[in-house]
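An overview of the molecular structure
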Amino acid sequence: MQKNALTDEMLDFGTGSHPVFLDFNADGLRDILVGTEGYYDESFASNRDPRLVLLLNTGTETEPTFEVADEDFLGLSQYGDNTWNFAPTLGDMDKDGDMDLLVGEQDGKIFYSENLAGAGNPMQFGPLDLNWMGIDVGLNSHPAVADLNRDGLPDLVIGERNGNFNFFPNIGAAGAPAFQSDVTLAPNNQLLGNVSTELPADLSAGNSAPILIDYGDSFLMFAGSQAGPVQVYGDIENNLGGTFTLLDPNYGGMLEGKRSAVALADLNDDQFFELLVGNTRGGLSMFSTPLDAAEPLSVFAAPDIRPARIFPNPSGDKVTLEWKGDGVGSVEVRLWDMWGRTLSAHTASGARWTLDLTSYPSGIYLLEISNSAGKRVWEKVAVGR
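Residues numbered from 1 in each chain as written. Predicted model: local features only at pLDDT ≥ 70, side-chain atom pairs only at ≥ 80, totals over all residues. Heavy atoms only, no water.

1. Re the packing of aromatic side chains
Scanning all chains against the criterion turns up nine aromatic pairs. Put simply, the rings of F24, F73 and F125 touch in pairs and so form one group of aromatic residues. A cation over an aromatic ring shows up here: R309 above the ring of F311, its NZ or CZ 4.0 Å from the ring centre. (Phe/Tyr/Trp six-rings, centres within 6.5 Å; stacked < 30°, edge-to-face > 60°. Lys NZ or Arg CZ within 6 Å of the ring centre and 35° of its normal.)

Listed below in C-alpha cells is the structure:
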C-alpha cells in the first residue's frame, strides 16, 4: 500500500523556500534555484540543514518540466551551524555579460559568487565570499538586483526582517562594483519608497522579499511578506527619494502561507509572466498571471475588481458579491473546485451580484473574478449545510 500518494510528486524543501529563475545550463530554458531555511536536522547546532536546491528545466519552450538536479548546490549546507534562510538572486554585478550569484541569509549579510563562465555559457561559479562588501541589514537579508538610478551600474534592493527595503546604489564602476556597507550612510536609503511589508495580519515581522521587473522606462516591485500577501509597488522611476505607490496589497488574492517569496518569468512563451511562490512551509506554487511582458502596468491601471464584501461566507445556498460605490462595470466570475476544475462561468455587473450554490456539495471553492483589462483576483468561498 502506498502511504504517500500525491505527496510523492510534490516538492518539499523543509522549512522556507525562496525561488529565483535562471538559465543555469544556457539551453534557453528557465531553470529554478531555491534557497531554504533548512530541513530539521539535530546534527546541526542550529537544528537546520539549509540548502540551495537547483531544478533544471527538462521540458520545452512552451511546456516546462522541472527535475531536481542538485540538492545542495555549491555546498551551502556546510554553513548551516551558523546561518540559514538562504535567499538567492542573480545579477551581472561585474558587467561581463553573465549572471553572478548573491544569496541573502539569516544574519543579514550577503554571500557572493562570481560567474566565471562568460556570456552565453553554462554557469560556473567561483569561490563564495561570505561577507560581500561588508553589507549587513540586520536579519533575513533578501537581495534583488536592478539599476534603479539608471546610471548603467547594478544596484541592490535588500529586504529584511523588519519589512523595510534597503537601497544600496552602486558607487563603483563597470566591472568593479562597490557599495557603502553601512545602510544608514549616504548614498544608501534604508526606507526605500517609504513602504513596508509589515501587515496587521502579522505584526511580528515584515520579512520583505523583493524582486524588481525593469521595463526600460518603468519598474515594478513585487514583494513577499511575513503575513503572506504579495504586494506590488509602482511609481519607482525617478522617485527613489519619494513614496512608492501600492498598486496591489495582495496580488491575485493568493493564500500561500507566511514568509512568501516570489519569482516571475514567462515559462511557456505566451508573452505573459508565470508567478512562482515560496513560503515558510517549504513548498512552491506556480500561477499564471495576466501580466503582459511588454505592458504590465495596464493590469494595475484597471479598476479595482475585488469585492468589498462576500456574504454569507460560509454559505448555504447562495453567496453575494458586493462592490463599493457603483460597483464594477462588467466582470467574469468563474467558480472553481479545489481540484482545479471550472464549475461555472458568469458575467456580473453593478454593485451587487448573487451566485446560486445549491447544486454544489459542501466544501471549499474558489471564485476567480476578472475583467477585460486582464485584472484578476481570487476569493475563497466555503459551502456548508
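2. Regarding the sheet that holds strand β8 (residues 110-113)
Strands in a sheet are paired, the pairing made by backbone hydrogen bonds, and the direction either parallel or antiparallel. With antiparallel pairing, the three strands of this open sheet are ordered in space as β6-β7-β8. Two strands close off the open sheet at either side, each with one partner strand: β6 (87-91) and β8. Ignoring strand direction, the axes of neighbouring strands in this sheet form an average angle of 25°. Sheet analysis places β6 next to strand β7 (residues 100-104), joined by five bridges and oriented antiparallel. In the sheet register, P88 faces β7, and the bridge partner there is V103. (Pairing = 2+ DSSP bridges. Helix = DSSP H or I, 4+ residues; strand = E, 2+ residues; numbered from the N terminus. Axes fitted to C-alpha atoms, helices over the stretch in contact; angles between N-to-C directions.)

3. Comments concerning unusual backbone geometry
Each neighbour pair has its own omega, and for A186 with P187 the value is 5°, a cis peptide bond. The topology assignment puts P187 in the loop between β11 (165-168) and β12 (209-214). Between F311 and P312 the backbone carries a cis peptide bond, its omega angle lying at -20°. Take P312: it is sitting in the loop between β19 (309-311) and β20 (318-322).

4. Thoughts on the pattern of salt bridges
Evaluated as defined, the whole model comprises eleven salt bridges. A salt bridge links E237 to R150; the nearest nitrogen and oxygen atoms lie 2.9 Å apart. In this pair, E237 is assigned in the loop between β14 (231-234) and β15 (245-248) and R150 in the loop between β9 (142-146) and β10 (155-159), connecting sequence segments 87 residues apart. For R150, a relative accessible area of 31% puts it in the partly exposed group. Salt-bridge contacts for R341 lead to D337; the nearest nitrogen and oxygen are separated by 2.6 Å. Here the salt bridges do not stand alone but share partners, grouping R150, D214 and E237 into one network. (Salt bridge = Lys/Arg side-chain N within 4 Å of Asp/Glu carboxyl O. Buried < 20%, exposed > 50% of the residue type's maximum accessible area, 1.4 Å probe, protein only.)

5. Some thoughts on the sheet that holds strand β13 (residues 219-224)
Taking strand neighbours across the sheet as the criterion, the four strands line up as β12-β13-β14-β15 in an open arrangement whose pairing is antiparallel. With partners counted over all chains shown, the strands left at the sheet margins are β12 and β15, one partner each. Averaged over all pairs of adjacent strands, the angle between their axes in this sheet comes to 30°, without regard to strand direction. Bridging between β12 and β13 involves six bridges; their strand directions are antiparallel. Of the residues in β13, the one forming a bridge with L212 is M221.

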